[in-house]
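So the chains spell out like this:
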Amino acid sequence: MNVAAVRGALPGHRHAQADITDAFARVIATGGGLDERLLRRFHANAGVEHRHTALPLSAYGELSGFTEANDHFLEHAVELGARALTDALKAADLTPSDVDLIVGATVTGLAVPTLEARIAARVGLRPDVKRVPLVGLGCVAGAAGIARLADYLTGHPDEVAVLVAVELCSLTVQRDDVSVPNLVASGLFGDGAAAVVATGASRTAPADLSAPQVLATRSRLYPDSERVMGFDVGSTGLRIVLDAEVPTVIGRYVREDVDGFLADHGLARDDIGWWVCHPGGPKVIDALQETLDLPDEAVSLTRSSLAQIGNLSSASVLHVLADTLRDRPPAPGTYGMLMAMGPGFCSELVLLQAAA
């Protein structure tokens, strides 16, 4: 499978982290019992300098509840996803009618029909396009979505498949929840979308001759970890579940997973020339860097993405991939590793190779 193009899309409302902190402190304080000093400390230590939000900051304190927040999700998620997909198709020199499969990923809103159906109608995909919604995978869904494109295109090498990931994390912040996970999440997660266009091995080479190939993928579901990360769904919406043990789980398992995956393909970590890691947060990036013995340069674009747009859940690793291909094009023939973790608790590994 060839990754023909990757493009991101961000809402028009861009804010400094300090301004978001001030706004969300007022929003969360409406429920009472907020330790504002704790919130401000979490926000200051999140490694985030700017984030984009679907709504103006003044609008979040006026949301009446989950129904209104989800209505905003449907409106803005479809627009962002359609924009990302349109831009990616243009970059790949393809048209909407070329698309045979669309995979949609989200965890921050509920939609039936699902997002990819609404985006397909907005963009003008064929009426016989195949649809696969990935709902609930959270931060891992960008990597898992690429892996599922590769699975499909292995069996359909003449076809075109696309992934659209859209997350509006700001709409999930809970006004009555002064727990540590909600305070951390309110300072870490941003809003945005990304799209990947992929082509099967029998298609004409992508317009971008540096487009990488997906060589192999691997999924891993970790034992006794269901409460490490996710959402509890209730009357007020999506209440974040975020355990402080996430970096510990990464340190316990990821090195063995990566080494075993690479060994099965005759490779070792020293053979990987470029790393595309999900920016889960400063401690998550630190844990990845430490357990994999990665130099600072290997995760510098991941840290930069976190600083400039925050953690976009499923869309984040795709933004890092787009940044990598645009700003640091891999040397021809070099191997890359794309990876993310998410609810389950789980990980997804994708072995890439730059075009020779």
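Residues numbered from 1 in each chain as written. Predicted model: local features only at pLDDT ≥ 70, side-chain atom pairs only at ≥ 80, totals over all residues. Heavy atoms only, no water.

Quick word on the overall build of the protein
Phase 1 of the analysis: On a plain count of helices and strands, the protein comes out with ten helices and 13 strands.
Phase 2 of the analysis: Against the globule reference of 21 Å for 356 residues, the protein gives a C-alpha radius of gyration of 19 Å, in line with a compact fold.
Phase 3 of the analysis: Oriented by its inertia axes, the alpha-carbon framework of the protein measures out at about 60 × 45 × 35 Å.
Phase 4 of the analysis: Burial statistics for the protein: of 356 residues in total, 57% are counted as buried.
Phase 5 of the analysis: Taking the contacts inside the protein whose residues are at least 6 apart along the sequence as the reference set, 80% of them involve residues at least 24 apart. (Helix = DSSP H or I, 4+ residues; strand = E, 2+ residues; numbered from the N terminus. Rg over C-alpha atoms; globule rule 2.2 N^0.38 Å. Buried < 20%, exposed > 50% of the residue type's maximum accessible area, 1.4 Å probe, protein only. Contact = heavy atoms within 4.5 Å.)

Some thoughts on the domain arrangement of the protein
The extent of an interface is frequently quoted as the accessible surface area lost upon association of the parts.
Phase 1 of the analysis: By domain assignment, the protein separates into domain 1 (2–199) and domain 2 (213–354).
Phase 2 of the analysis: For domain 1 and domain 2, the distance between their C-alpha centres works out to 18 Å.
Phase 3 of the analysis: Each side of the interface is counted separately: domain 1 has 55 residues, and domain 2 has 41 residues.
Phase 4 of the analysis: Considering only the surface of domain 1 that becomes buried against domain 2, C139, V140 and Q174 emerge as the three largest contributors, covering 15% of it. (Domains from an automatic or database assignment. Buried area = accessible area lost by both parts, 1.4 Å probe.)

Quick word on the UniProt feature "domain: Chalcone/stilbene synthase C-terminal" (unreviewed entry) in the protein
Phase 1 of the analysis: When the UniProt feature table is mapped onto this chain numbering, "domain: Chalcone/stilbene synthase C-terminal" (unreviewed entry) sits at residues 218–354.
Phase 2 of the analysis: A distance of 19 Å separates the end C-alpha atoms of residues 218–354, which is 36% helix and 28% strand. (UniProt positions renumbered as here; feature names shortened; annotations may be inferred.)

Re helix α8 (residues 282–291)
Phase 1 of the analysis: Turning to α8, its buried residues number three or more, namely V284, I285, A287, L288, Q289 and T291.
Phase 2 of the analysis: Lining the buried residues of α8 we find α7 (246–263), β11 (272–277), α9 (300–309) and β12 (335–342).
Phase 3 of the analysis: Residue D293 follows α8 closely and has a positive phi angle near 55°.

Details of the packing of aromatic side chains
Phase 1 of the analysis: Scanning the model with the defined rule gives three aromatic pairs in all.
Phase 2 of the analysis: Summarising the aromatic geometry, the rings of F24 and Y60 are spaced 5.6 Å apart at their centres and angled 70° between planes, so their arrangement reads as edge-to-face. Here F24, found in helix α1 (residues 17–29), pairs with Y60, found in the loop between β3 (50–53) and α3 (66–91); they are 36 residues apart in sequence, far enough to count as distant. The exposure classification of F24 matches that of Y60, with both residues buried.
Phase 3 of the analysis: Seen in terms of ring centroids, Y222 and Y253 are 4.7 Å apart; in terms of plane orientation they differ by 20°. Their pairing is stacked. With Y222 in the loop between β8 (213–221) and β9 (229–234) and Y253 in helix α7, the pair connects residues that are 31 residues apart, well separated along the chain.
Phase 4 of the analysis: Taking the relative accessible area as the measure of exposure, Y253 reaches 17% and is therefore buried.
Phase 5 of the analysis: Grouping aromatic residues by their ring pairs yields a cluster made of Y222, Y253 and F345. (Phe/Tyr/Trp six-rings, centres within 6.5 Å; stacked < 30°, edge-to-face > 60°.)

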